[in-house]
Amino acid sequence: MIYILTGDIRTGKTTALLNWIEGRADVDGVLCPDSENGKRYFLNIKTKEEYFLGTNLETEENKIISIGPFQFLKSSFQKANNYLLEANEKRVSKYLIIDELGKLELKYNGLHDSAKVLIPKYEKKKDHHLILVVRESLFDDILEHYNISEYSVLKKDGLRLFD
């Protein structure tokens, strides 16, 4: 089953997920919170490893993806994509989270590589669930882009339903 957690930009979707996963052993995936100094990073839910997204330097090792004024390290997205695909293969968690699908993914960047594989696999599943974080303004575009037809919409206060 696919669940889509949606809401406007900067309304606490990731924070709600951070609170919801606390103390749970049945959740895996990646979240994309802001650090204390406002820098974005991926947080591996199981290992708590962090992959920082931004940089001001472009080198051979640190290729950059740009969208608007923002620059992100391709290597961080590669790590996150690889982890999501590995977590799916192990399938030891009931819930797998992808935070978030947005403009980069609509341009076949970001977390697109894992999303394009995982979404069709979870659409008909009843015992394992994929939670996608999508901003409200891109909701219809993401549905169309990934051809998602079977899903349930969540709001951040709806996460309690899973407890």
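Since this is a predicted model, take the numbers as computed values, not measurements. (Residues numbered from 1 in each chain as written. Predicted model: local features only at pLDDT ≥ 70, side-chain atom pairs only at ≥ 80, totals over all residues. Heavy atoms only, no water.)

Draft legend 1. Region of the structure containing the layout of surface pockets. Taken as a whole, the second largest pocket encloses approximately 160 Å³ of empty space. The element best represented in the lining of the second largest pocket is helix α2 (residues 74-90), accounting for five residues. Broken down by class, the residue content of the lining of the second largest pocket amounts to three nonpolar, five polar and two charged. (1 Å grid on protein atoms, 1.4 Å probe; cavity = no way out; pocket = protein on both sides within 12 Å on 5 of 7 lines; lining within 4 Å. Points joined across faces, edges and corners; volume = space filled by probe spheres on them. Helix = DSSP H or I, 4+ residues; strand = E, 2+ residues; numbered from the N terminus. Nonpolar A, V, L, I, M, F, W, Y, C, P; charged D, E, K, R; others polar.)

Draft legend 2. Spotlight on helix α4 (residues 112-122). Among all positions in α4, only His112, Ser114, Ala115, Leu118, Ile119 and Tyr122 are buried. Projected down its long axis, α4 shows its buried positions confined to an angular sector of 140°, all on one face. Residues of α4 that are buried sit in contact with β1 (2-7), α2, β7 (95-101), α3 (103-106), β8 (129-135) and α5 (139-145). (Buried < 20%, exposed > 50% of the residue type's maximum accessible area, 1.4 Å probe, protein only. Arc of directions from axis to C-beta. Contact = heavy atoms within 4.5 Å.)

Draft legend 3. The nonpolar core, seen in detail. If you look at the biggest cluster of nonpolar residues, it comprises 32 residues, and the most contacted ones within it are Phe42, Ile98, Leu101, Leu111, Ile119, Leu130 and Leu132. Elements with a minimum of two residues in this core: β1, α2, β7, α4, β8 and α5. Sort the elements by how many residues they give to this core and α2 lands first, with five residues. Beyond its immediate chain neighbours, meaning those up to four positions away, Leu132 contacts Ile2, Tyr3, Ile4, Leu5, Ile98, Leu101, Ile119 and Ile148. Counting 16 residues, the second largest nonpolar core, distinct from the first, contains Tyr3, Trp20, Val27 and Leu154. (Core = buried A, V, L, I, M, F, W, Y, C linked by side-chain atoms within 4.5 Å.)

Draft legend 4. Seen up close, helix α1 (residues 13-21). Among the residues of α1, those classed as buried are Lys13, Thr14, Ala16, Leu17, Trp20 and Ile21. Along the long axis of α1, the arc covered by the buried residues comes to 155°, so they all point the same way. At its buried positions, α1 is contacted by β1, β2 (27-31), β7 and β8. In the segment just after α1, Gly23 is the residue with positive phi, at about 80°.

Draft legend 5. A look at the environment of Leu118. Structurally, Leu118 can be placed in helix α4. Judged by relative accessible area, which is 0%, Leu118 ranks as buried. In this structure, Leu118 is in contact with Leu84, Leu85, Asn88, Leu96, Ile98 and Leu130, ignoring residues within four places of it in sequence.

Draft legend 6. A look at the pairing of β1. Among the six residues of β1, six are classified as buried, and the element is accordingly described as predominantly covered. Because side chains alternate across β1, one face comprises the buried residues Ile2, Ile4 and Thr6, and the other comprises Tyr3, Leu5 and Gly7, equally buried. Here β1 runs beside β8; their pairing, made up of six bridges, is parallel. Each residue of the ladder has a partner; that of Tyr3, found in β8, is Ile131. (Pairing = 2+ DSSP bridges.)

Draft legend 7. Up close: unusual backbone geometry. Put simply, Asp99 and Glu100 share a cis peptide bond, and its omega is 0°. Considering the arrangement of structural elements, one finds Glu100 in strand β7. The backbone phi angle of Arg10 is positive, close to 60°, even though this residue is not glycine. With respect to the secondary-structure elements, Arg10 resides in the loop between β1 and α1. Its identity as a non-glycine residue notwithstanding, Tyr108 has a phi of 65°, on the positive side.

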